[in-house]
Amino acid sequence: MRGVNRVMLIGNLGKDPDVQYLEGNIGVAKFSLATTETYKDRGGKLVSQTEWHTVVLWRGLADLAQKYLHKGSLVYIEGRLRTRSWEDKEGNKKFATEVVGDNLIMLDKRGEAHGYHGEHLENPEHMGNADVPPIGEPSEDLPF
């Protein structure tokens, strides 16, 4: 039986995208995304709960993120979860779970995102945290 690894998030960027270029001029954008849920507790008081997600965009989506997204931008991200592990300088094993996005819709109102509204962008190739190391070389992470 096959599994399903699909994530859909609507939230605001916590910082401007950090874009790096790997060998072969392959762009990789990384940024934090805040999603907030609001509910009423037993006493009827409104409670907000915010979750922070690390989003990674590859190639064309990385370039578009660098050009059009900024801290506070409202976006819809669709993608998959990916967990990476590594050893820190002291030899401790660390883990990071990221959302690798393959679909991006900018939801900012006209004028807030430099004249773009509801721009729908996809990456058909299916291509943080300060202590998370950069994504490996293209030969390690890319399907070719």
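A few points on the structure. Nothing here was measured: the structure is a model prediction, and the numbers come from that model.

### Considering the pairing of strand β5 (residues 74–87)
Then, number 1: Inspection of the sheet shows strand β1 (residues 7–13) paired to β5 by 6 bridges, in the antiparallel sense. Bridging from a neighbouring strand, Leu-9 pairs with Ile-77 of β5.
Then, number 2: Bridging between β5 and strand β6 (residues 93–106) involves 13 bridges; their strand directions are antiparallel. Across the sheet, Glu-78 pairs through a bridge with Asn-103, a residue of β6.
Then, number 3: Between β5 and the antiparallel strand that follows it, β6, lie 5 residues; Gly-91 among them carries a positive phi value of about 85°.

### A word on the nonpolar core
Then, number 1: Among the nonpolar cores identified, the biggest contains 19 residues, and Phe-31, Leu-33, Leu-57, Leu-69 and Ile-77 are the most heavily contacted of them.
Then, number 2: Those elements giving two or more residues to this core turn out to be β1, β3 (26–40), β4 (46–58), α1 (59–68), β5 and β6.
Then, number 3: Top contributing element to this core by residue count: α1, with 4 residues.
Then, number 4: The contacts of Leu-33, once residues within four sequence positions are left out, are Leu-9, Gly-11, Asn-12, Leu-13, Glu-51, Trp-52, His-53, Val-55, Val-75 and Ile-77.

### Notes on unusual backbone geometry
Then, number 1: Positioned with a positive phi, Asn-25 is a non-glycine residue whose angle comes to about 60°.
Then, number 2: In this structure, Asn-25 sits in the loop between β2 (18–22) and β3.
Then, number 3: Of the residues examined, Asn-25 reaches a relative accessible area of 61% and is grouped as exposed.
Then, number 4: One non-glycine residue, Arg-59, lies in positive phi territory at about 55°.
Then, number 5: Within the element layout of this structure, Arg-59 appears in helix α1.

### Topic: the pattern of salt bridges
Then, number 1: Evaluated as defined, the whole model comprises 4 salt bridges.
Then, number 2: A salt bridge links Asp-102 to Arg-6; the nearest nitrogen and oxygen atoms lie 2.9 Å apart. You can see Asp-102 sitting in strand β6 and its partner Arg-6 sitting in the segment before β1, a full 96 residues away along the chain.
Then, number 3: Given a relative accessible area of 40%, Arg-6 falls into the partly exposed group.
Then, number 4: The salt bridge partner of Glu-98 is Lys-30, with a shortest N-O separation of 3.5 Å. Separated by 68 residues along the polypeptide, Glu-98 in strand β6 and Lys-30 in strand β3 bring together distant segments of the chain.
Then, number 5: For Glu-98, a relative accessible area of 2% gives the class buried.
Then, number 6: Through salt bridges with shared partners, one network takes in Arg-6, Glu-78 and Asp-102.

What counts, and where the lines are drawn
Residues numbered from 1 in each chain as written. Predicted model: local features only at pLDDT ≥ 70, side-chain atom pairs only at ≥ 80, totals over all residues. Heavy atoms only, no water. Pairing = 2+ DSSP bridges. Helix = DSSP H or I, 4+ residues; strand = E, 2+ residues; numbered from the N terminus. Core = buried A, V, L, I, M, F, W, Y, C linked by side-chain atoms within 4.5 Å. Buried < 20%, exposed > 50% of the residue type's maximum accessible area, 1.4 Å probe, protein only. Contact = heavy atoms within 4.5 Å. Salt bridge = Lys/Arg side-chain N within 4 Å of Asp/Glu carboxyl O.

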